[in-house]
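# Remarks on the overall topology
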Amino acid sequence: MKDEDWLAGLHPETLAIRAGTQRTAEGEHSEAIFPTSSFVFASAEEAAERFAGREAGNIYARFTNPTTRILEERLAALEGADDCITTASGMAACLTAFMGSLQAGDHIVASRSLFGTTVQLLQKILARFAVETTFVPLTDLSAWEAAIRPNTRMLFLETPSNPLTEVGDLEALARLAHAHDALLVVDNCFCTPVLQQPMRWGADLVLHSNTKYIDGQGRTLGGAVCGRRELLDGPRNFLRTAGPSLSPFNAWVQLKGVETLSLRMERHCANAADLAAWLQSLPEVEKVYYPGLPEHPQADLVHKQQRLPGGILSFVLRDGQPAAWALMDRLRIFSRTANLGDAKSTVTHPASTTHSRVSAEERQAAGIQDGLLRLSVGLEHVDDLREDLQRALADLSR
Ligand SMILES: N[C@@H](CCOC(=O)CCC(=O)O)C(=O)O
């Protein structure tokens, strides 16, 4: 029986623990790590056959490794994708998808609500290789359509977006992309496949920063590109040739992370929903951005596309950047760090960190105010998290 046959119909909780598992002759229960840069061929002929692609098997760890392969199969099963390739970081996954799918002269239409470094990659790196990007408001479908040119080959978005949790209409954008012979590529980092499967709505490639919820404890960097088999040929060739590869040790840590992904996502979401509702009731808080709030502008899409609203929320303090920094500095449990998806709750000031390389005008257009703070709500007890914020806010008004 082929792996995919017995996996069909299993729940995500089961796939996250069982999909892709391969055991060596030792019969190890926990997956083995293969810390080897190359693999030995039984004969010169076998080497030649593998290099020619006529025989399956490992060659060199820049593009295949048994530990990494288990993670790839597991992520593909969770995303409902044919296959997956893993990369050294989330940004390496973006680079691999772009470089492996596009060529000079192609055009991308991208959401303007993206992680700041992704904007840099599109504006400053891909542009040097004659791939141009037009940025549009994520939720304005007519703007996406108007930006399409004859050479548009890709529509690209994050949903929910970082850090304002805006939600894009995956089904409508997939229809639009395909009507123009373009790919729909979705960064699914905030949701993970446990909360959202973009391919179900027509996405062609789905990207991950494994560094976030997939690792789940802030230990390793990693990324993934999942999708239809034929669409992964280009990204796979880029990975093999350019080498932004995931290490087997990091793949192993991430495999252990994925096993508890469903359970963790449920708690992240429950804690975030609790804090979002509470923050909204505070006089110091001007606005809360969280997909689980009934007044979220795309609440209907959240219900349609996502199983749960997610573990990330952002909020604006009425007194702007000085208050935001002062609050951050007074927090004891929330770690001041530019990362998310960790068991440990984190607090980030996007304007001066994750989005600091985006120009002030672009930040303003994207709605990232100086008084905005982003919380990645972790797995600590929610009462302790609320009290940490409450005490820090009370301290501010003294
Ligand atoms: N996407 C993550 C990771 C944040 O990483 C950084 O801000 C590093 C800075 C850089 O990429 O230049 C998040 O939003 O927290």
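What counts, and where the lines are drawn
Residues numbered from 1 in each chain as written. Predicted model: local features only at pLDDT ≥ 70, side-chain atom pairs only at ≥ 80, totals over all residues. Heavy atoms only, no water. Domains from an automatic or database assignment. Contact = heavy atoms within 4.5 Å. Buried area = accessible area lost by both parts, 1.4 Å probe. Salt bridge = Lys/Arg side-chain N within 4 Å of Asp/Glu carboxyl O. Polar contact = N/O pair within 3.5 Å; in protein donor to acceptor, adjacent residues only side chain to side chain. Helix = DSSP H or I, 4+ residues; strand = E, 2+ residues; numbered from the N terminus. Nonpolar A, V, L, I, M, F, W, Y, C, P; charged D, E, K, R; others polar. Buried < 20%, exposed > 50% of the residue type's maximum accessible area, 1.4 Å probe, protein only. Near = heavy atom within 4 Å.

Note on interface size: it is often stated as the accessible area lost on association of the parts. As far as domains go, the protein chain holds domain 1 (3–259) and domain 2 (261–396). A separation of 27 Å is found between the C-alpha centroids of domain 1 and domain 2. Contacts between domain 1 and domain 2 engage 42 residues on the former and 41 residues on the latter. For the domain 1 and domain 2 pair, buried surface summed over both sides reaches about 3500 Å², with 56% attributable to carbon and sulfur atoms. Taken as a group, Leu164, Leu195 and Tyr213 account for 22% of the area that domain 1 buries against domain 2, more than any other trio of residues on that side. Across the contact surface, domain 1 and domain 2 share one salt bridge. Applying the counting criterion to the domain 1 and domain 2 interface returns 21 residue pairs in polar contact (both at pLDDT 80 or more). Listing elements by their share of the side of domain 1 that touches domain 2, those giving two or more residues are α2 (12–18), α6 (116–125), α8 (170–179), α9 (192–195) and α11 (248–259). It is α6 that provides the largest number of residues to the side of domain 1 that touches domain 2, a total of five residues. In the side of domain 1 that touches domain 2, the residues fall into 18 nonpolar, 16 polar and eight charged.

This paragraph deals with the environment of Arg175. Counting through the fold element by element, Arg175 comes out in helix α8. Relative accessible area serves as the criterion here: at 57%, Arg175 is assigned to the exposed category. Here the alpha-carbon distance between Arg175 and Gly202, two residues 27 residues apart in the chain, equals 7.5 Å.

Another point: the site of the ligand. Contacts to the ligand come from Phe115, Thr117, Asn162, Lys212, Ala338, Asn339, Leu340, Thr354, Arg357 and Arg374. The separation between an oxygen atom of the ligand and a polar side-chain atom of Thr117 is 2.6 Å. With respect to the ligand, the side chain of Arg374 contributes an N or O atom lying 2.7 Å from an oxygen atom. Per-class residue counts for the shell around the ligand are three nonpolar, four polar and three charged. Among the domains, domain 1 (3–259) and domain 2 (261–396) are the pair contributing at least three residues each to the shell around the ligand.

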